[in-house]
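# Chain and residue survey
So you can see what is in the structure, the chains are spelled out below.
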Amino acid sequence: MSWRLGFIGAGVMAETMIAGVLFEGVLTPDRVVASDPHASRREVLTETHGIRTVASNVDVLDCELIVLAVKPQSLTKVFAAIAGRIPADTQVLSIVAGAPIRSLQAGLGHQRVVRAMPNLPCRIHRGMTVWTRAEGVHGERIAEVLRGMGEEMVVDEERHIDRATAVSGTGPAIVAEFVKSMLEASNYIGMPRELSREAVLATLIGTAEMLKRDDDLHVAELIDAVTSPGGTTSRALQVLKQGRMGAVVTESIDAAYRRCGELGDDLEERLKES
Ligand SMILES: NC(=O)c1ccc[n+]([C@@H]2O[C@H](COP(=O)([O-])OP(=O)(O)OC[C@H]3O[C@@H](n4cnc5c(N)ncnc54)[C@H](OP(=O)(O)O)[C@@H]3O)[C@@H](O)[C@H]2O)c1
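Residues numbered from 1 in each chain as written. Predicted model: local features only at pLDDT ≥ 70, side-chain atom pairs only at ≥ 80, totals over all residues. Heavy atoms only, no water.

### Concerning the overall build of the chain
Looking only at helices and strands, the chain features 11 helices and eight strands. Looking at the 274 residues of the chain, the share that counts as buried comes to 38%. When the accessible area of the chain is evaluated, it comes to approximately 15,700 Å², of which 55% is carbon and sulfur surface. (Helix = DSSP H or I, 4+ residues; strand = E, 2+ residues; numbered from the N terminus. Buried < 20%, exposed > 50% of the residue type's maximum accessible area, 1.4 Å probe, protein only. Areas by Shrake-Rupley, 256 points an atom, 1.4 Å probe, with all protein chains shown as cover.)

In structure tokens:
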């Protein structure tokens, strides 16, 4: 337990990761440091988690693992402050949406870079993080840190991070939109609010849990199991098909995927300009 973990940017996601790492006992608070321009954020993190906080990004560079947790538009400012100053052995883990490894390496002047895409349920330790690494990066420490927020999966191909950004990163909003529609529909047919909330959420969690627990259970089999000839489910599914639900979900996720590519292109452009 001798290594140190540093954060550049101490916002929502940094705090989520810090809480996970401390909760899982991966590190003690004295091994964690975070930098942020806002004194109020620094105070909150020190008071809540007992970690050290600093105003300058340079003061986290002595950590063995540094997490980049700023918004995409703040990246070039971070590069300007720390480029070429990171020790060669240090691992840098970026959770910045859309920032490709090659741009991070070029901007930081550093090779050992990992790119990860966590999602919102990481806040309750039920998240999903998909990650990939540059050549020569050992993943054990990274996996340990990410497991503090839920499930993690490493992939070889970087394009899968853009895909995960669209599916699991954007996914909580898409699922929440579906939950909202289910709640509105329950209201429409006269179900009491409290009952609707319980019925919709328990159905969602139960169905997902069933699929997750049984690798051999295909989604189509589950649908077939609740669809009897001439029954209620068959009527409901027919209406979803008429509304092109499957096609609309595909278009929505594809739009998020394409936007992720655009964010990467924007960053490359800004790097060329700077
Ligand atoms: N939130 C999510 O669910 C989620 C999921 C997956 C990935 N991500 C990614 O995680 C990253 C962080 O997201 P977040 O929601 O945690 O953002 P956030 O709450 O805005 O946190 C970023 C923090 O970094 C600070 N900052 C800005 N410039 C800085 C600099 N040069 N040096 C140090 N700190 C700086 C920000 O200050 P200012 O407010 O002044 O800019 C802010 O306090 C984003 O790139 C996002 O794409 C987020």
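### Details of the domain arrangement of the chain
Domain parsing of the chain yields domain 1 (5-155) and domain 2 (171-243). Inter-centroid distance (C-alpha atoms) of domain 1 to domain 2 is 36 Å. (Domains from an automatic or database assignment.)

### Describing the layout of surface pockets
The space that makes up the second largest pocket amounts to roughly 900 Å³. What lines the second largest pocket is a set of 33 residues, among which M13, A69, V70, K71 and P72 lie closest to the centre. Mapped by element, the contributors of at least two residues to the lining of the second largest pocket are helix 1 (12-23) and helix 3 (75-82). With three residues, the top contributor of residues to the lining of the second largest pocket is helix 1. A per-class count over the lining of the second largest pocket returns 18 nonpolar, 10 polar and five charged. (1 Å grid on protein atoms, 1.4 Å probe; cavity = no way out; pocket = protein on both sides within 12 Å on 5 of 7 lines; lining within 4 Å. Points joined across faces, edges and corners; volume = space filled by probe spheres on them. Nonpolar A, V, L, I, M, F, W, Y, C, P; charged D, E, K, R; others polar.)

### So, the site of the ligand
As a matter of local geometry, the ligand sits amid 22 residues, with M13, D36, H38, V70 and K71 nearest to it. The side chain of H38 places a nitrogen or oxygen atom 2.5 Å from an oxygen atom of the ligand. N57 places a side-chain nitrogen or oxygen 3.0 Å from a nitrogen atom of the ligand. In isolation the ligand offers 880 Å² of accessible surface; the protein chains occlude 77% of this area. According to the grid-proximity analysis, the pocket containing the ligand is the second largest pocket. Class assignment of the residues belonging to the shell around the ligand gives a composition of 15 nonpolar, five polar and two charged. (Near = heavy atom within 4 Å. Polar contact = N/O pair within 3.5 Å; in protein donor to acceptor, adjacent residues only side chain to side chain. Sits in = over half its atoms within 2 Å of the grid points.)

### A look at the pairing of strand 8 (residues 150-154)
Where strand 7 (residues 127-133) meets strand 8, five bridges bridge the pair, whose relative direction is parallel. Within strand 8, the residue paired with G127 across the bridge is G150. Handedness of the β-α-β unit built from strand 7, helix 5 (residues 140-147) and strand 8 comes out right-handed. (Pairing = 2+ DSSP bridges. Right-handed = clockwise from strand over helix to strand, strands pointing away.)

### A look at the pattern of salt bridges
Applying the stated rule across the entire model yields 17 salt bridges. E151 serves as the salt-bridge partner of K212, at 3.3 Å between the closest nitrogen and oxygen. In this pair, K212 sits in helix 8 (residues 193-213) while E151 sits in strand 8, placing the two residues 61 residues apart along the sequence. Residue E269 pairs with K272 through a salt bridge whose shortest N-O separation is 3.6 Å. Here the residue E269 and the residue K272 both occupy positions in helix 11 (residues 245-273), the gap between them amounting to three residues, near one helical turn. The exposure class of K272 is exposed, given its relative accessible area of 64%. Salt bridges linked by common partners bring R4, D62 and E64 together as one network. (Salt bridge = Lys/Arg side-chain N within 4 Å of Asp/Glu carboxyl O.)

### With respect to the environment of D162
Following the sequence through the fold, D162 ends up in helix 6 (residues 159-169). D162 gets classed as buried once you look at its relative accessible area, which sits at 10%. Excluding residues that lie within four positions of it along the chain, D162 makes contacts with R115, Y257 and C260. At 2.6 Å, the side chain of D162 and the side chain of R115 are in polar contact. (Contact = heavy atoms within 4.5 Å.)

### As for empty space enclosed by the protein
Throughout the structure, instances matching the rule amount to one cavity of 30 Å³ or more. Taken as a whole, the largest cavity holds about 30 Å³ of empty space. Around the largest cavity, the lining residues are P72, L75, V96, A97, G98, A99, L263, L267 and R270. A total of three residues in the lining of the largest cavity trace back to one element, the largest contributor, which is helix 11. Class assignment for the residues of the lining of the largest cavity results in seven nonpolar, one polar and one charged.

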